[in-house]
Amino acid sequence: MMQKITATEKELRRVFSNDYVFEIPPYQRPYSWTEDQASELFADLTAHLDDYPDADLGRMDEVAPHFLGSIVLIKEEGRTKAEVVDGQQRLTTLTLLLCVLRDMAGPSAGSFLHGYICEVGNPIEGNKDRYRLTLRPRDREFFQSNVQVQGAVERLVHEGGFNNDVQERLIQNARFFWKAVVEMTPDERLRFSAFLMQRCFLVVVSASDQESAYRIFSVMNDRGLNLSATDILKAEIIGALPDAQKDVYTATWEGIEEELGSDEFAELFSHIRMIFVKQKARAALTKEFREGVKAVDNPAQFIDSVLQPYADAYGIVGWSAYESKAGAEPVNRTLEHLNRLENYDWVPPALVFFRDNRHSPAELLKFFKDLERLAYGMYVMRANINVRINRYAEVLKALETGADLYAEGSPLQLRPEEQKDIATALDGPIYQQIRVRTPLLLRLDSALADAGVNYDHKVISIEHVLPQSPVNGSVWHQWFPDPDERDYWTHRLANLVLLSRQKNGQAQNYDFDRKKKEYFQRKGVSPFALTSQVLNEAEWTPEVLEKRQRTLIKALCKEWRL
């Protein structure tokens, strides 16, 4: 059979139609978009629609098309089954958004929106309902029952519990969309839904066989075959120099890139863009660099006064490698705390302050400690990417204007209501915040330990002292006879410790005395203060946990001035 490849721009109403039944094959990676990506998608959609305030439901053709990227499918001509090779993150997140819009709409609009989620069956013809998107087999039932079924999203948002990372991401993204959409009026939701389905497009690439589909996927995603943004900027900036300077500055440019590595070099350019533009990226890096940084206007000055000093700062900040005759150690320790976070939105203000104060360890420590306080505070509160970027943009503006960074009301300082929210979050089931828990526990352990503590362990894992599923008849049931009280304490700070090795599944349910002897000690001593404290306890009762919880939260509140 002749291989056939097609590529077509399609509005979402044609993508989520009877033309396709999308299936995520079992070998695909799990759904991985976090609230950051979901909020970024939503912000891009609303920003585009806001550019056309006069376009109502009957005038959607006046809104310029908004492209959401591409998907690659294995799909035979004339058949609806479409195996998704690339694009499951977009398709899943868009389906989730549609389900939120459906469950908030009235009966009429909700019914039409459900039609984009599910092909309604015909009992006369013996056809059953068929969802337009099915996830991997291990995720399929949860997604159908808790998202795609009409009315399920509201229950998921308010009551949903999760058993794995995929479910947690789906719940978090559903809650984000729900909170964002509930703030719209019914008319605004209807207008947004019309825009989404009529004026938002995907490029649908269909191949009739697996080999062709994967060849397309490889070409589209092989960075080695395409110029990167920094390659393009290099050509423009170096090209704008006089011929006599090109060789010298080319060597400087390539030396910086080699020193940092290509990935970190590309990240540096994103941070420089943020320093100049001070807002979330709304276009390609090359476009925003040309318009916001304007490096081509004075290329030598850009390389000498921007690229080189920020590259030096980036290497030191990113690798916690500050050197000074005195005071370097506490500065590096604070940078290590910052570098444990999974996001790096804090880096641009760190680079600006370091560039201007690198010879003053005391000033660096003061600033970085408050930056770490702010970064961890937003992390614990699970502030989304838009909130974080806007806040750090305010810090950058304060740095630029020379405002007092330590005054009340400074964007670098936590507001009273934020401090309250952080303290409340710290007293909650921290273990269930999967991305927060390890950096937070390491930060807490540092607050409890000696100043010279080192966390350079190959493996760091988290263990519950009170097991998640204690064996019947064990001492745990004697100390925690009330299952509600046991559930209350299981995932809180007081019950969590750090291990410098992988957890032992068999040892997790040991009674307390045996656990202390065989699990929390390594060569007689635990490397973590959090864990060592447990060894001093004779029993592990609700009273012990209550006292320990107060002590641990007090330590973090003192560290972060909450």
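Above this text is the structure in question.
For the structure given in this document, a descriptive report is provided here. None of these values were measured; they are calculated from a predicted model.

A tally of helices and strands in the chain yields 25 helices and ten strands. The buried share of the chain, reckoned over its 562 residues, is 51%. If you take every contact in the chain between residues at least 6 apart in sequence, the share linking residues at least 24 apart comes to 72%. About 27200 Å² of surface is accessible on the chain, with carbon and sulfur atoms providing 47% of the total. Taking the 69 positively charged and 83 negatively charged side chains of the chain as two groups, their mean positions are separated by 3 Å.

To continue, consider the packing of aromatic side chains. As enumerated under the stated definition, the model contains 24 aromatic pairs in all. Arranged with centres 5.8 Å apart and planes meeting at 90°, the rings of phenylalanine 289 and phenylalanine 302 form a pair that is edge-to-face. Residue phenylalanine 289 is located in helix 13 (residues 285-293), and its partner phenylalanine 302 is located in helix 14 (residues 299-318); the two are separated by 13 residues in the primary sequence. One exposure class covers both phenylalanine 289 and phenylalanine 302, and it is buried. When the centroid spacing of 6.0 Å and the interplanar angle of 75° are considered together, the rings of tryptophan 476 and phenylalanine 512 count as edge-to-face.

Turning next to the nonpolar core. Looking at soluble globular proteins, one finds that nonpolar side chains tend to be buried together. Grouped together as the largest cluster of nonpolar side chains are 86 residues, with contacts concentrated most on Phe302, Trp346 and Phe368. Looking at this core, the element that brings in the most residues is helix 14, giving eleven residues. The contact partners of tryptophan 346, leaving out residues within four places of it in the chain, are Val317, Leu338, Asn339, Leu341, Leu371, Ala375 and Tyr392. If you look at the next biggest cluster of nonpolar residues, it comprises 58 residues, including Trp33, Leu101, Leu113 and Val147.

The strand order 1-8-3-4-2-7 describes an open sheet built from six strands, whose pairing is mixed. Each edge of the open sheet is held by one strand with a lone partner, namely strand 1 (5-11) and strand 7 (133-134). Relative to strand 7, strand 2 (residues 21-23) runs parallel, the two sharing two bridges. Note on strand 7: the bridge partner recorded for phenylalanine 22 is leucine 133. Sheet contacts for helix 3 (residues 88-104): strand 2, strand 3 (66-74), strand 4 (81-86), strand 7 and strand 8 (200-207); angle to strand 3, the most-contacted strand, approximately 120°.

A separate point is the environment of threonine 92. Along the chain, the position of threonine 92 falls in helix 3. When its relative accessible area of 0% is taken as the criterion, threonine 92 is described as buried. Ignoring any residue separated from it by four or fewer positions in sequence, one finds threonine 92 in contact with Tyr31, Leu133, Leu135, Phe143 and Leu170. Within the structure, the side chain of threonine 92 is placed 2.7 Å from the backbone oxygen of glutamine 88, a separation counted as a polar contact.

Let's shift gears to the environment of leucine 135. Structurally, leucine 135 is set in the loop between strand 7 and helix 5 (137-148). Residue contacts for leucine 135: discarding those within four places in its chain leaves Ile24, Thr92, Arg140 and Phe143.

For glutamine 148, the position within the fold is in helix 5. Classification of glutamine 148 as buried rests on a relative accessible area of 0%. Polar contacts involving the side chain of glutamine 148 include one to the main-chain carbonyl oxygen of leucine 133, which spans 2.8 Å. Apart from residues lying up to four places away in sequence, glutamine 148 is in contact with Thr95, Cys99, Arg102, His114, Ile117, Tyr131, Leu133 and Phe143.

Residues Leu496 and Leu498 point to one face of strand 10 (residues 496-499) and Val497 and Leu499 to the other, with burial holding for every one of them. With four bridges joining them, strand 9 (residues 461-464) and strand 10 adopt antiparallel strand pairing. Paired with serine 461 across the bridge in strand 10 is leucine 499.

This next bit is on the pattern of salt bridges. In the structure shown here, the tally under the stated rule is 27 salt bridges. Ionic pairing is found between glutamate 291 and lysine 287, a salt bridge with its closest N-O pair at 2.9 Å. Of this pair, glutamate 291 and lysine 287 both sit in helix 13, four residues apart, roughly one helical turn. By relative accessible area, which is 39% here, lysine 287 ends up partly exposed. The shortest N-O distance in the salt bridge between arginine 391 and glutamate 418 comes to 2.7 Å. Here arginine 391, found in helix 18 (residues 385-401), pairs with glutamate 418, found in helix 19 (residues 416-426); they are 27 residues apart in sequence, far enough to count as distant.

The next subject is helix 5. For helix 5, the set of buried residues is Asp139, Phe142, Phe143, Gln144, Asn146, Val147 and Gln148. Those residues of helix 5 that are buried lie in contact with helix 3, helix 4 (107-117), strand 6 (130-131), strand 7, helix 6 (152-159) and helix 7 (165-182).

Turning our eyes to something else, we now look at the pairing of strand 8. The buried fraction of strand 8 is high, at seven of eight residues. Here strand 1 pairs with strand 8 via seven bridges, running antiparallel. By the bridge assignment, lysine 10 is partnered in strand 8 with leucine 202. As paired strands, strand 3 and strand 8 are joined by seven bridges and run parallel to one another. Within strand 8, the position partnered with histidine 66 by the bridge is cysteine 200.

Right, let's get into the environment of glutamate 546. Of note, glutamate 546 is situated in helix 25 (residues 542-560). Along the backbone, glutamate 546 and leucine 530 are 16 residues apart, and their C-alpha atoms lie at a distance of 15 Å.

Reading the values: rules and limits
- Residues numbered from 1 in each chain as written.
- Predicted model: local features only at pLDDT ≥ 70, side-chain atom pairs only at ≥ 80, totals over all residues.
- Heavy atoms only, no water.
- Helix = DSSP H or I, 4+ residues; strand = E, 2+ residues; numbered from the N terminus.
- Buried < 20%, exposed > 50% of the residue type's maximum accessible area, 1.4 Å probe, protein only.
- Contact = heavy atoms within 4.5 Å.
- Areas by Shrake-Rupley, 256 points an atom, 1.4 Å probe, with all protein chains shown as cover.
- Lys, Arg positive; Asp, Glu negative; His and termini not counted.
- Charge placed at Lys NZ, Arg CZ, Asp CG, Glu CD.
- Phe/Tyr/Trp six-rings, centres within 6.5 Å; stacked < 30°, edge-to-face > 60°.
- Core = buried A, V, L, I, M, F, W, Y, C linked by side-chain atoms within 4.5 Å.
- Pairing = 2+ DSSP bridges.
- Axes fitted to C-alpha atoms, helices over the stretch in contact; angles between N-to-C directions.
- Polar contact = N/O pair within 3.5 Å; in protein donor to acceptor, adjacent residues only side chain to side chain.
- Salt bridge = Lys/Arg side-chain N within 4 Å of Asp/Glu carboxyl O.

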